[in-house]
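One-letter residues, chain by chain:
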Amino acid sequence: MEAAYDPQRVESEWYSRWEAAGVFAPEINPDGEPFCIVIPPPNVTGSLHMGHALDLSIQDVIIRRKRMQGYAALWLPGTDHAGIATQIVVERELAEEGVDREELGREQFIEQVWAWKAKFGGRITEQMRRLGFSTDWSRERFTMDEGLSEAVKKVFVDLYDADLIYRGNRIINWCPRDRTAISDVEVIHEDETGELVHILYPFTDGPGGIEVATTRVESMLGDTGVAVHPDDERYSGVVGRSVTLPLVGREVPIVADDAVDSDFGTGAVKVTPGHDLLDFEIGQRHGLEAILILDEGGAINENGGSFAGLDRMDARTAVKAALQAEGAVVRVEEHLYSVGHCQRCDTIVEPYLSDQWFVRVGPLVGPAIEAVRSGDIRFSPQRWEKTYFHWMENLRDWTISRQIWWGHRIPAWYCDECGETIVAVAAPRRCQCGSTSLRQDEDVLDTWFSSGLFPFSALGWPEDTDDYRAFYPNSVLVTGYDIISFWVARMIKLGLYFTGAKPFADVVIHGMLRAEDGRKMSKSVGNTVDPLVVVEEHGADALRLALMQAASPGQDIPFSEEWVEAARRFGNKLWNAVRFGLRHIAPGSVPADGGYPERPGPEEAWILSRLYDTVGRVDELLDEFRFSDAYGLLYNFAWSEMFDWFLEMSKAPLRRGDTSIGETVGVVLRDVLKLFHPAIPYVTEELWSELVGDGYIASTSWPRPPKTDGPADFESLRTLIVGIRRFRAEHGLSPRRELEVGLYDPDGAAAEWWNDQFESLAAVAPVPLSEPPSGAPHARVVAGQVQAFISLEGVVDVDAERERLARAIAELEASLAQSDKKLGNPQFVEKAPRDVVAKEEEKADASRARLEKLEAQLAELR
RNA sequence: GGGCGCUUAGCUCAGGGGGAGAGCGCUUCCUUGACGCGGAAGAGGUCCGGGGUUCAAAUCCCCGAGCGCCCACCA
């Protein structure tokens, strides 16, 4: 075995061997009970970021453990066509070559995107391989695959037939840069300080006027009314009258509507039905015309008169100036309000009246809420259910059409002759009116429409495939809280509606990875950390273990390279522990499972009992998706107990040629490798090949050590050894300095095996005493009934030891005083549980006994 | 306007009614044949503040402060 741990070397070969051996591809029969996770499909043109690394590391830990536990464990990978995001990327690329999308035309452009996908679509999946994720690539899916596209069409047509999809002329969010509609969840609201401009609209039929206020002054070009609250006495006389718009000259009515908030501003609101949702609704109720004043690129159109051609932001300035020139501006004040930005390109979005397709979500919401409320689907941590409910209960219809080219084209055709709309899976040849002049809708579907089907469409639905039958519903879904509304909620709604079953049983929500300073990682701030760079430096195992240790459920994580370094040191430690083992055990001699000694020696019994306990607790924690707790516990077991104590304790027996303890070293090391394998697959596989050499750790069984009772006197031994070490440290004695130590043991608890350990761990050879020594001064280390007496003669200054003792006595007295106070409280003795009281009594007794001995010793030293 | 989260060691964070923890950093010692990417022994904490419940509160409840996030038709 290589002397030094080199992550890059260790991580270079295993992945292709796992893949070639089909380790990640489950057989439905007879491998066992199915267990399935589908990946949140990343953008096909993207590259792996830290968030992916966290998300996928969690999934790999879950799936690798389940696989080891004997489940037919499927982790299904895939990528998302990511409509707008991908189109933007390809457009930008073409623009650099001087090619314009419009010039190219739709078909050619789409060809270009497919070419782009062919060229770069493998990048992110290669990166996933580098990180060691055990997805079954033989089942890889792409959201625009033929099968998945069929599923999309079927879902669209079925929802249309059920009147759950409709086309309508509504106010939607429009991104002028991307020139498409986007859904509510794709709008990011940010608070910004702008101007609230108060304008006086003069009455048409007389003097005076009505004052309105707006943050988007240019929208007044499209005003077709003014609204006030019906109960607002200030305006009771003006409802029914009309005002004349400055600049525009249009005469518009004053209406009364409940939606108006009398307490805001002047209590009168200008109504722009074409560019505001509330105004649209008011307009509908009062028959006000909706006038569009913006074109698709966000510039003022011909309805804006002399302002036509100006970008909306320039128009804002120009219209305000023109109004001021007319004296129509009453005042201008600063105003904090929230502005919607496009999630993809950060452009300010506009409310925009347009023809779009919508999913009527109302009827889908009830079952989706019930599935979570009843516990059929569980969120973990549970508090994220609140977010889910809150979002579900406040839903508006989902805008699903996008005015872009890359995506699933809407399966709707319009007849040129009669205007009929035909929605069908296959392109219709002729209309019912007989016409063959049919045009397909130009729009494509929101990307999330297809990803919302992924848990079942990726398994072959609507075909009744073996995979669908075996792996649906999925077992677990792992994702960040940022896409609960985009994705999780929609999968639940659509899954329940179309399959009649929940899409998954557990939803594991993790936090966002942040930069070291706690801020969001963002390309524009320039504080992103590329996981592949980290992997190159420290290895995939180190990054993965660091993420798992930091992944406190549902909580954001500031990324810190220090953690990765620490995790890599753990890999190094593990490496060297196995290297130590192999000095005493023949390579390949450790069985792949079992092999626990039937009559373990005391050191072995201790570590086996600790192993048993650790496996039990780790299993509980992992079943509850508490990854950081589980790996924290494992880390401490491996390092503090297995390596620092047991391996050290094994040295003396091994030197004597004790083969039994060698077997135990091998078996426990093997189980440590197994327990860590889901998090750090590479180094554990490499070490497995050295230690066990049989098959792959990736497809072996999860540890199941037998229940073993550790030796009752282990803690006494440990106390004495630590005490002697401490004695040396506090007196500045070299670890090599010989000490005369006598061991007084009235109960005979100090067995023979202790001698080895004293020699090995404390570098002393204790002499058994039949009674406590008298005369010459001694330091004393007390562990229950057993006491170690360290001769002070010629070793340390008696004064120094006296001081040391005095400090120990003071500490002990303080703790004893606390115990006595508790035990002296009758309320405590009566009301506290018996075991708590008993424990406290034990503690007090032990302290008292120890104190007595220390005081006796102090007296001896005078 | 509504909701959620966080506040614990110098730093970054776990924990969650009865012994205050980890990593990193810090101090002292150690060239023992697994590992100095290591070992041993330590120092360091009014668990944000104030009330309450309880025999017992860092932990549960209420109030407050600071920070962060999400949602909302904030003209």
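Our structure's up above, just so we're on the same page.
Residues numbered from 1 in each chain as written. Chains lettered and ligands numbered in written order. Predicted model: local features only at pLDDT ≥ 70, side-chain atom pairs only at ≥ 80, totals over all residues. Heavy atoms only, no water.

Participant: Describe the overall build of chain A, with residues and values.
Facilitator: Counting its regular elements, chain A contains 27 helices and 29 strands. For 862 residues, the compact-globule formula gives about 29 Å, and the C-alpha radius of gyration of chain A, at 37 Å, lies well above that figure. With the C-alpha coordinates of chain A rotated into their principal frame, the extents come out at 120 × 60 × 55 Å. The long-range share in chain A, meaning contacts at least 24 apart out of those at least 6 apart in sequence, stands at 77%. For chain A, the exposed surface amounts to about 37500 Å²; the carbon and sulfur share of it is 46%. Between the centroid of the 89 positive side chains of chain A and the centroid of its 140 negative side chains there is a distance of 3 Å. (Helix = DSSP H or I, 4+ residues; strand = E, 2+ residues; numbered from the N terminus. Rg over C-alpha atoms; globule rule 2.2 N^0.38 Å. Contact = heavy atoms within 4.5 Å. Areas by Shrake-Rupley, 256 points an atom, 1.4 Å probe, with all protein chains shown as cover. Lys, Arg positive; Asp, Glu negative; His and termini not counted. Charge placed at Lys NZ, Arg CZ, Asp CG, Glu CD.)

Participant: For the packing of helix H18 (residues 561-584) against helix H20 (residues 627-655), give the residues involved together with the corresponding values.
Facilitator: Each packed pair of helices is defined by two parameters, the angle between the axes and the distance between the axes. As a packed pair, H18 and H20 sit with axes 11 Å apart at the nearest point and diverge in direction by 25°. The angle between the axes of H18 and H20 places the two elements in the roughly parallel class. Classified by chirality, the crossing of H20 by H18 is left-handed. Two secondary-structure elements touch here, H18 through Ala-566, Arg-569, Phe-570, Lys-573, Leu-574, Ala-577, Phe-580 and His-584 and H20 through Tyr-635, Ala-638, Trp-639, Phe-643, Asp-644, Leu-647, Ser-650, Lys-651 and Leu-654. Residues that form the contact of H18 with H20 fall into these classes: 11 nonpolar, two polar and four charged. (Axes fitted to C-alpha atoms, helices over the stretch in contact; angles between N-to-C directions. Parallel < 35°, antiparallel > 145°, perpendicular 65-115°, else oblique. Left-handed = near helix turned anticlockwise from the far one by under 90°. Nonpolar A, V, L, I, M, F, W, Y, C, P; charged D, E, K, R; others polar.)

Participant: Got a sec to walk through the protein's contact with RNA strand B? Specific residues and values, please.
Facilitator: In the vicinity of RNA strand B lie 55 residues, with Ala-213, Val-269, Trp-639, Lys-831 and Pro-833 positioned nearest. Close to the protein, within 4 Å, the atoms of RNA strand B are drawn from sugar and phosphate at a rate of 62%. In this structure, Arg-579 approaches RNA strand B through a side-chain N or O atom, which is 3.1 Å from a sugar or linking oxygen. At a separation of 3.4 Å, a base nitrogen of RNA strand B approaches a polar side-chain atom of Lys-651. Among the elements of the structure, strand E8 (209-214), strand E12 (268-271), strand E13 (329-342), helix H11 (384-393), H18, H20, helix H23 (714-730) and helix H26 (826-831) are those that each provide at least two residues to the surface near RNA strand B. (Near = heavy atom within 4 Å. Polar contact = N/O pair within 3.5 Å; in protein donor to acceptor, adjacent residues only side chain to side chain.)

Participant: So, the environment of Ser-475: which residues are in play, and what are the values?
Facilitator: Here Ser-475 lies in strand E22 (residues 474-480). Through-space distance from the C-alpha of Ser-475 to that of Val-507 is 8.8 Å; in sequence the pair is 32 residues apart.

Participant: Account for the sheet that holds strand E29 (residues 786-791), naming residues and giving values.
Facilitator: As summarised here, the arrangement of the four strands in space is E27-E26-E29-E28, forming an open sheet in which the pairing is mixed. The open sheet terminates on both sides in strands that have one partner only, identified here as strand E27 (767-769) and strand E28 (778-783). Averaged over all neighbouring strand pairs, the angle between strand axes comes to 25°, with direction disregarded. Relative to E28, H23 is tilted by about 150°, and along the sheet it contacts strand E26 (741-744), E28 and E29. (Pairing = 2+ DSSP bridges.)

Participant: Report on the packing of aromatic side chains, specifying residues and quantitative values.
Facilitator: Counted according to the given criterion, the structure contains 37 aromatic pairs. Taking the centre distance of 4.2 Å and the plane angle of 10° together, the rings of Trp-606 and Phe-714 count as stacked. Placement of the pair is Trp-606 in helix H19 (residues 602-623) and Phe-714 in helix H23, with a sequence separation of 108 residues. Trp-606 gets classed as buried once you look at its relative accessible area, which sits at 5%. (Phe/Tyr/Trp six-rings, centres within 6.5 Å; stacked < 30°, edge-to-face > 60°. Buried < 20%, exposed > 50% of the residue type's maximum accessible area, 1.4 Å probe, protein only.)

Participant: Go over the pattern of salt bridges with me, naming the residues and quoting the values.
Facilitator: Scanning all chains against the criterion turns up 57 salt bridges. Between Arg-129 and Glu-19 there is a salt bridge, with the nearest N and O atoms lying 3.4 Å from each other. On the criterion of sequence distance, the pair formed by Arg-129 in helix H6 (residues 106-130) and Glu-19 in helix H1 (residues 7-21) is long-range, its members being 110 residues apart. By relative accessible area, Arg-129 is classed as buried at 18%. Residues Lys-843 and Glu-840 are paired through a salt bridge, measuring 3.9 Å at the closest nitrogen-oxygen approach. Placement of both Lys-843 and Glu-840 in helix H27 (residues 834-860) is noted, with a separation of three residues, approximately one turn of the helix. Each of the salt bridges in this network shares a partner with another, and the network as a whole consists of Glu-186, Arg-402, Asp-446 and Arg-490. (Salt bridge = Lys/Arg side-chain N within 4 Å of Asp/Glu carboxyl O.)

Participant: Please provide a residue-by-residue account of the sheet that holds E8, values included.
Facilitator: Read from one edge to the other, the open sheet built from three strands follows the order E8-E7-E13, with strand pairing classed as antiparallel. With partners counted over all chains shown, the strands left at the sheet margins are E8 and E13, one partner each. When strand polarity is set aside, the average angle formed by the axes of neighbouring strands in this sheet is 20°. Bridge analysis of strand E7 (residues 187-202) against E13 gives 13 bridges, and the strand direction is antiparallel. When the bridges of E13 are listed, Asp-191 appears paired with Ser-338. Contacts from helix H9 (residues 312-326) reach E7 and E13 within the one sheet, and its direction differs from that of E13 by about 165°.

Participant: Describe the side chain of Ser-847, and please don't skip the residues or the numbers.
Facilitator: Looking at the element boundaries, Ser-847 is found in helix H27. Take Ser-847: its relative accessible area is 8%, and that puts it in the buried class. The contact partners of Ser-847, leaving out residues within four places of it in the chain, are Leu-812, Ser-815 and Leu-816.

Participant: So, the packing of H18 against helix H22 (residues 681-691): which residues are in play, and what are the values?
Facilitator: Put simply, H18 and H22 touch, their axes get as near as 11 Å, and they point 5° apart. Regarding the angle of H18 to H22, the classification is roughly parallel. From H18, Gly-571, Leu-574, Trp-575, Val-578 and Leu-582 reach across to H22, where they touch Val-683, Thr-684, Glu-686, Leu-687, Glu-690 and Leu-691. Grouping the amino acids of the contact of H18 with H22 by side-chain chemistry returns seven nonpolar, two polar and two charged.

Participant: If you had to explain the pairing of strand E23 (residues 504-510) to someone new, which residues and values would you point to?
Facilitator: In terms of residue burial, E23 counts as a mostly covered element, since seven of its seven residues are buried. Inspection of the sheet shows strand E15 (residues 378-380) paired to E23 by three bridges, in the parallel sense. What sits directly across from Ser-380, in E23, is Val-508. Taken together, the six bridges between E22 and E23 define a ladder with parallel strand orientation. Residue pairing for E23: Val-476 is matched across the bridge by Asp-506.

Participant: Mind laying out empty space enclosed by the protein, listing which residues take part and the relevant values?
Facilitator: For the structure on display, the rule yields five cavities of 30 Å³ or more. Around the largest cavity sit 15 residues that line it, and Gly-83, Ile-84, Glu-186, Asp-446 and Thr-447 are the ones nearest its centre. If you list the elements that add at least two residues to the lining of the largest cavity, you get helix H4 (83-96), strand E21 (444-445) and helix H12 (447-451). For the lining of the largest cavity, the element with the highest residue contribution is H4, accounting for three residues. Here the residues of the lining of the largest cavity are counted per class, giving eight nonpolar, three polar and four charged. Of the volumes computed, that of the second largest cavity is approximately 70 Å³. In the lining of the second largest cavity, the residues fall into nine nonpolar, six polar and no charged. (1 Å grid on protein atoms, 1.4 Å probe; cavity = no way out; pocket = protein on both sides within 12 Å on 5 of 7 lines; lining within 4 Å. Points joined across faces, edges and corners; volume = space filled by probe spheres on them.)

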